[in-house]
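# Structural overview
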Amino acid sequence: MSSASSISLEFFPPRDIAAQEKLVRSAKQLLALHPSYVSVTFGAGGSTRSGTAATVSLMQNLGCEAAPHLSCIGSSRAVLTEILDAYHAAGIRRIVALRGDTPSGMGADAGELRYASELVRFIREHSGDWFHIEVAAYPEMHPQALTAPEDLDHFATKVKAGANSAITQYFFNADAYFDFVNRAQAKGISIPIVPGIMPITNHSQLVRFSTMCGAEIPRWIRLRLAEFGDDRASIRAFGVDVITHLCQRLLDQGAPGLHFYTLNNADSVLAIHRGLS
Ligand code: FAD
């Protein structure tokens, strides 16, 4: 992979000691790829604020820049202020700012801030330029958006509120990404929009995630995955092949870097990275 392209890695807070040991093993292997930063999810899958902060600290101790995800759904300004101040005091300089989702699907009604754009504005008002702010982008449209142009307008609002760069939801169709970037640039958005990359390792998990987040699994990929049944090794080999091609095309056509959703596993990301020129 060309040294001009940067990669970043996403992890989630482990639930127990065994999961933490696995995370540390994976992270140590993946740090050999010299990521520009690693990020740690918040709230997703039931993880807690303290779990995110503890995992961020663990990653800092492994010697890399770590960025906590912070979602505003269900939160008050007072709680967000406390979290931002604690991250500031811990020397954290980058945050992934999100609206988040509630497990019950309550939508955007819970909490004092309704949308990620309001969280970005709040962070800028409270912390000035201390944090580099990443936001989410959806090349295949956010599942709750009514139309793609409206969703892009909402993305533009987040950028105007002070986001420095964006990470996309994962996708398997490079054209969707380039079309989104072109439409964003036509609106005057010039921040880097880094593709989020999901390795394919588990058929049923991938279908579940994709249904929730609105990522389309192309028919030919679904058919190939169905054909492999429980043969995990074949799914993994096929997944590495498909995602390596996707990443190569994204980089060759100008994507500013790659953000890997590692799911705390090193093997597929390492194999994909090895295959890039
Ligand atoms: P927003 O940008 O606020 O958008 C949410 C929806 O509201 C969109 O449909 C948008 O079009 C619409 N909208 C925005 N502004 C307005 C407005 N003014 N009026 C009407 N509609 C509006 N979730 C977690 O819980 N924890 C995580 O750690 C996490 N990490 C993520 C990391 C990445 C890179 C990505 C892509 C997603 C992540 N998510 C995470 C999922 C994310 O929280 C969900 O996708 C959530 O539903 C939307 O978050 P957002 O920040 O994109 O929201």
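Everything below is about the structure shown above.
Before going into details, it helps to say that this report is about the structure given with it. (Residues numbered from 1 in each chain as written. Predicted model: local features only at pLDDT ≥ 70, side-chain atom pairs only at ≥ 80, totals over all residues. Heavy atoms only, no water.)

## Side note on the overall build of the protein chain
- Tallying secondary structure elements over the protein chain gives 10 helices and 8 strands in all.
- Here the protein chain holds 277 residues, and the buried ones make up 52% of them.
- At a minimum sequence separation of 6, the contacts of the protein chain that also span at least 24 residues come to 78%.
- Accessible area for the protein chain stands at about 13,000 Å²; split by element, carbon and sulfur atoms hold 52% of it.
- Computing the positive centroid from 24 side-chain charges and the negative centroid from 26, the protein chain places the two 2 Å apart. (Helix = DSSP H or I, 4+ residues; strand = E, 2+ residues; numbered from the N terminus. Buried < 20%, exposed > 50% of the residue type's maximum accessible area, 1.4 Å probe, protein only. Contact = heavy atoms within 4.5 Å. Areas by Shrake-Rupley, 256 points an atom, 1.4 Å probe, with all protein chains shown as cover. Lys, Arg positive; Asp, Glu negative; His and termini not counted. Charge placed at Lys NZ, Arg CZ, Asp CG, Glu CD.)

## Regarding the nonpolar core
- Counting residues in each nonpolar core, the largest one holds 89 residues, and the members touching the most others are Phe155 and Leu250.
- It is helix H9 (residues 232-252) that contributes the most residues to this core, 9 residues altogether.
- Ignoring sequence-local partners within four residues, the contact set of Phe155 consists of Val135, Ala136, Ala137, Ala166, Phe180, Ala184, Ile189, Ile191 and Ile193. (Core = buried A, V, L, I, M, F, W, Y, C linked by side-chain atoms within 4.5 Å.)

## Digging into helix H1 (residues 17-30)
- Compared with the 20 Å implied by 1.5 Å per residue over 14 residues, the 20 Å span of H1 between its first and last C-alpha is a close match.
- Among the residues of H1, those classed as buried are Leu23, Val24, Ser26, Ala27 and Leu30.
- In the core, the buried residues of H1 are packed alongside strand S1 (6-11), helix H2 (49-61) and helix H10 (267-274).
- Two or three places before Ala18, at the start of H1, stands the capping residue Asp16, its side-chain oxygen 3.3 Å from that residue's backbone nitrogen. (Expected span 1.5 Å × (residues − 1). Polar contact = N/O pair within 3.5 Å; in protein donor to acceptor, adjacent residues only side chain to side chain.)

## Describing the pairing of strand S5 (residues 132-137)
- By the criterion of burial, S5 is predominantly enclosed, with 5 of the 6 residues buried.
- Where strand S4 (residues 94-98) and S5 come together, 4 bridges link them in parallel fashion. Paired with Val96 across the two strands is Glu134, which belongs to S5.
- Pairing geometry for S5 and strand S6 (residues 165-170), over 4 bridges, is parallel. Considered in S6, the bridge of Val135 is made with Ala166.
- With helix H5 (residues 148-161) bridging S5 and its parallel neighbour S6, the resulting β-α-β unit is right-handed. (Pairing = 2+ DSSP bridges. Right-handed = clockwise from strand over helix to strand, strands pointing away.)

## Considerations on the packing of aromatic side chains
- Applying the stated rule across the entire model yields 7 aromatic pairs.
- Look at Tyr177 and Phe178: their rings are 5.0 Å apart centre to centre, the planes differ by 75 degrees, and that puts the pair in the edge-to-face class.
- By relative accessible area, Phe178 is classed as buried at 13%.
- Three or more aromatic residues link up through ring pairs in this structure, and these residues are Tyr170, Phe172 and Tyr261.
- Directly above the ring of Trp130 sits Arg93, whose terminal nitrogen or CZ lies 3.6 Å from the centroid.
- The ring of Tyr37 carries the charged tip of Arg94 above its face, separated from the ring centre by 4.0 Å. (Phe/Tyr/Trp six-rings, centres within 6.5 Å; stacked < 30°, edge-to-face > 60°. Lys NZ or Arg CZ within 6 Å of the ring centre and 35° of its normal.)

## Some details on the site of the ligand
- Lining the immediate environment of the ligand, one finds 22 residues, of which Phe42, Asp101, Tyr138, His142 and Asp151 sit closest.
- Asp101 places a polar side-chain atom, nitrogen or oxygen, 2.7 Å from an oxygen atom of the ligand.
- Between the ligand and His142 there is a distance of 2.7 Å, counted from an oxygen atom to a side-chain nitrogen or oxygen.
- Protein chains bury 85% of the 980 Å² of accessible surface belonging to the ligand in isolation.
- Class assignment of the residues belonging to the shell around the ligand gives a composition of 10 nonpolar, 8 polar and 4 charged. (Near = heavy atom within 4 Å. Nonpolar A, V, L, I, M, F, W, Y, C, P; charged D, E, K, R; others polar.)

## Points about the pattern of salt bridges
- One pass over the structure, following the stated rule, counts 9 salt bridges.
- The partner of Lys187 in a salt bridge is Asp153, with the nearest N and O atoms 2.8 Å apart. Linking Lys187 in the loop between helix H6 (174-186) and strand S7 (193-197) with Asp153 in helix H5, this pair joins segments that are 34 residues apart in sequence.
- Residue classification places Asp153 among the partly exposed residues on the basis of a relative accessible area of 37%.
- Two residues, Arg249 and Asp175, come together in a salt bridge whose shortest N-O distance is 2.7 Å. Here Arg249 is found in helix H9, whereas its partner Asp175 is found in helix H6, with 74 residues between them in sequence.
- Classification of Arg249 as partly exposed rests on a relative accessible area of 32%. (Salt bridge = Lys/Arg side-chain N within 4 Å of Asp/Glu carboxyl O.)

## A closer look at helix H7 (residues 203-213)
- Looking at H7, one finds that the buried residues are Leu206, Ser210 and Cys213. Looking down the long axis of H7, one finds its buried residues gathered within 75 degrees of arc, a one-sided arrangement. Residues Ser204, Thr211 and Met212 are exposed on H7 and point more than 90 degrees away from its buried face.
- Its buried side turned inward, H7 meets S6 and helix H8 (219-228).
- Gly214, located one to two residues past H7, shows a positive phi value of around 80 degrees. (Arc of directions from axis to C-beta.)

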